[in-house]
Amino acid sequence: MKILIQKGRILNPSDQRDEVGDIYMEDGVIQEIGGTITPEETPDKVIFAEGCYVMPGLIDLHVHLRDPGLTHKEDIVTGAKAAARGGFTTILAMPNTKPVIDCADRVQYVHNKAKELAPVHVLQIGAVTKQQKGEELADIEGMIQAGIPAISEDGKSVMNMKLYREAMEIAAKHDLPVFAHCEDQNMVNGGCVNEDKHSKELGLPGISNAVEDVIVARDIVLAKETGARLHLCHCSTKDSVRMIQLAKEEKLPVTGEVCPHHFTLTSDDMVAGDTNYKMNPPLRTEADKEALLKGLKEDILDVISTDHAPHSREEKQQPMTKAPFGIVGLETAVALTVTELVDKGVITPLQMAEKMSYNPAQIIGSDRGRLEVGSPADVTIIDPEAEYVIDSMSFLSKGKNTPFDGRKVKGLVKATICDGEVVYQQD
Ligand SMILES: NC(=O)N[C@@H](CC(=O)O)C(=O)O
Ligand SMILES: [Zn+2]
């Protein structure tokens, strides 16, 4: 397939390019970039991208594909299709499936199924402990052989520090990043929303900032001691941002991730009883959100991920205390990032490409996330001016659980190209 993209705003963090021009790709590889390109042979497809961002294919470090075992919520194919529609060309799947992905065979199951059926790259993350029980290490080295890009106990923290330290030592030895979900299991104590005036008014058990902060602190200390590369998932508190800043000042290999819901909403926005506002970590206060925005602006926070967490309608229809945590994110992340961050001048379009593609690629040691001659032809085209209303019924994901249904946004994915093939095009 030969594709020519014309007159887009090329945004490439690896050489800080931000200029209007053409991109030509053939056989899954970028052949030429910049200026006006006239290919020798007629391209199979020409995409006119005037007024659009042309970014390296977006990479989502935090997705729940629910496959194997929980495929009534999502499966590899529906999740990957939702990803393509959302502008993502690579997604990393968390291991909290049924069974948990804690050995090489299960990693291979996901990789094989994705290779055969998914329109985008799917990389399976391995669990830290067997069955995520926190008692015994998973077969980390076996899973490394099977190609995991990271280990994570996402959904919870490994509470046994001795065990976690051992896992970090193995990760450090193989230069594998550790993706940390930071939540003290004892302190969370049945909480389901942020602990603040709203939780008190609604009579709901609260989750304090310390539930996250103490584990962020612990994990940074352990990363320092073991030399492991630590990536802090879905940071939601102001002190998480401060601690990441301190770690960076010390030149520790620590990176921080934020999800669109945490930089868009606060607990003030919650609609009483609507479980689409229930996610982990919870929506925090204005002060926390402000700190996340500042952290994004100043590059203390490196990554925007979705934490795409699909659940069925029945599961989400339960009372607030019973419904599962999580919201879908693959098909709303670009719009929320454009609307809340780029349009409001919090970050530049180039920073958006950094946080949604280049930095994630760097964290997992991938050669993707860049628009350079010779790099894989993973490209995302976004119209930042297109305005529309989010409609969860249009999602390709099985999950419709979002608090953003009906929200007016700007920023539409026009096309997603993965390995030189158009895997999504908006009609
Ligand atoms: N974030 C969530 O609210 N839920 C995630 C787990 C996680 O990412 O911690 C899920 O698996 O549903
Ligand atoms: Zn998590």
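Residues numbered from 1 in each chain as written. Chains lettered and ligands numbered in written order. Predicted model: local features only at pLDDT ≥ 70, side-chain atom pairs only at ≥ 80, totals over all residues. Heavy atoms only, no water.

## Observations regarding the overall build of the protein
Here is step 1: In terms of regular secondary structure, the protein is built from 13 helices and 18 strands.
Here is step 2: In summary, the protein has a C-alpha radius of gyration of 20 Å against a globular reference of 22 Å for 427 residues, a match within 12%.
Here is step 3: On the principal axes, the C-alpha backbone points of the protein span a range of 65 × 45 × 45 Å.
Here is step 4: The buried share of the protein, reckoned over its 427 residues, is 64%. (Helix = DSSP H or I, 4+ residues; strand = E, 2+ residues; numbered from the N terminus. Rg over C-alpha atoms; globule rule 2.2 N^0.38 Å. Buried < 20%, exposed > 50% of the residue type's maximum accessible area, 1.4 Å probe, protein only.)

## Re the nonpolar core
Here is step 1: Counting 81 residues, the largest nonpolar core has I91, I151, I220, L232 and M352 as its most contacted members.
Here is step 2: Residue contacts for M352: discarding those within four places in its chain leaves Y53, M55, V334, T337, V338, V342, I347 and I382. (Core = buried A, V, L, I, M, F, W, Y, C linked by side-chain atoms within 4.5 Å. Contact = heavy atoms within 4.5 Å.)

## Overview of the pattern of salt bridges
Here is step 1: Taken as a whole and assessed by the stated rule, the structure comprises 30 salt bridges.
Here is step 2: Among the ionic pairs, D239 bridges to R242, the shortest N-O distance being 3.6 Å. Of this pair, D239 and R242 are both found in helix α8 (residues 238-249), 3 residues apart, which corresponds to roughly one turn of the helix.
Here is step 3: Its relative accessible area of 28% is what places D239 among the partly exposed residues.
Here is step 4: Exposure remark for R242: the relative accessible area of 55% places this residue in the exposed category.
Here is step 5: In this structure, a network of salt bridges that share partners links the residues R165, E169 and E225. (Salt bridge = Lys/Arg side-chain N within 4 Å of Asp/Glu carboxyl O.)

## Section: unusual backbone geometry
Here is step 1: For the peptide bond that leads from D67 to P68, omega is 15 degrees, which places it in the cis range.
Here is step 2: In this fold, P68 is placed in the loop between β6 (58-63) and α1 (76-85).
Here is step 3: Unlike most non-glycine residues, H234 shows phi in positive territory, near 25 degrees.
Here is step 4: Along the chain, H234 falls in the loop between β13 (230-232) and α8.
Here is step 5: At D299, a position not held by glycine, the phi torsion is positive, near 60 degrees.
Here is step 6: Positionally, D299 belongs in the loop between α10 (286-297) and β15 (303-304).
Here is step 7: Residue classification places D299 among the partly exposed residues on the basis of a relative accessible area of 35%.

## Quick word on α10
Here is step 1: In this model, α10 (12 residues) spans 16 Å end to end at C-alpha, consistent with the 16 Å of a helix rising 1.5 Å per residue.
Here is step 2: The complete set of buried residues in α10 reads D288, K289, A291, L292, L293, G295 and L296. (Expected span 1.5 Å × (residues − 1).)

## Considering the UniProt feature "binding site: Zn(2+) 2" (unreviewed entry) in the protein
Here is step 1: When the UniProt feature table is mapped to this numbering, "binding site: Zn(2+) 2" (unreviewed entry) covers D154, H181 and H234. Annotated residues spanning 81 residues; largest pairwise C-alpha distance 10.2 Å, indicating a single compact cluster.
Here is step 2: As for its position among the elements, H181 is in the loop between β10 (178-180) and α5 (185-188).
Here is step 3: The exposure class assigned to H181 is buried, which follows from its relative accessible area of 5%. (UniProt positions renumbered as here; feature names shortened; annotations may be inferred.)

## Comments concerning the UniProt feature "domain: Dihydroorotase catalytic" (unreviewed entry) in the protein
Here is step 1: Per the UniProt record, "domain: Dihydroorotase catalytic" (unreviewed entry) is annotated on residues 54-240.
Here is step 2: Its end C-alpha atoms 32 Å apart, residues 54-240 is made of 40% helix and 17% strand.

## Some thoughts on the sheet that holds β6
Here is step 1: Judged by pairing direction, the sheet is parallel, and its 3 strands sit side by side in the order β6-β7-β8 without closing on themselves. The strands lining the two open edges of the sheet, one partner per strand, are β6 and β8 (121-124). Along the sheet, successive strands turn relative to each other by an average axial angle of 20 degrees, direction set aside.
Here is step 2: Looking at chain direction, β6 and strand β7 (residues 88-93) are connected through 4 bridges and run parallel. Bridged to V63 within β7 is A93.
Here is step 3: The strands that α1 touches are β7 and β8; relative to β7, the one it contacts most, it runs at about 140 degrees. (Pairing = 2+ DSSP bridges. Axes fitted to C-alpha atoms, helices over the stretch in contact; angles between N-to-C directions.)

## Here we look at the site of ligand 1
Here is step 1: Surveying the vicinity of ligand 1 reveals 15 residues, the closest of which are R66, N96, D154, H181 and D307.
Here is step 2: At 2.9 Å from an oxygen atom of ligand 1 is found a side-chain nitrogen or oxygen belonging to H64.
Here is step 3: Between ligand 1 and the protein, one listed contact pairs an oxygen atom with a side-chain N or O atom of N96 at 2.8 Å.
Here is step 4: Protein chains bury 93% of the 320 Å² of accessible surface belonging to ligand 1 in isolation.
Here is step 5: Tallied by class, the residues present in the shell around ligand 1 amount to 3 nonpolar, 9 polar and 3 charged. (Near = heavy atom within 4 Å. Polar contact = N/O pair within 3.5 Å; in protein donor to acceptor, adjacent residues only side chain to side chain. Areas by Shrake-Rupley, 256 points an atom, 1.4 Å probe, with all protein chains shown as cover. Nonpolar A, V, L, I, M, F, W, Y, C, P; charged D, E, K, R; others polar.)

## Brief notes about the sheet that holds strand β9 (residues 151-152)
Strands pair in a sheet through their backbones, by hydrogen bonds, and they do so in one of two ways: parallel or antiparallel.
Here is step 1: Here 5 strands make up an open sheet; going across it, the order is β9-β10-β13-β14-β15 and the pairing parallel. The strands lining the two open edges of the sheet, one partner per strand, are β9 and β15.
Here is step 2: Set on the sheet, helix α7 (residues 209-226) makes contact with β10, β13 and β14 (254-258); between it and β13 the angle comes to about 165 degrees.

## Remarks on the side chain of N12
Here is step 1: With respect to the element layout, N12 can be found in strand β1 (residues 2-12).
Here is step 2: Within the local environment of N12, its side chain forms a polar contact with the side chain of S14, the two groups lying 2.9 Å apart.
Here is step 3: One polar contact links N12 to D15, side chain to side chain, over a distance of 2.8 Å.
Here is step 4: Beyond its immediate sequence surroundings of up to four residues, N12 is in contact with R17, P56, L350, G369, R370, L371 and E372.

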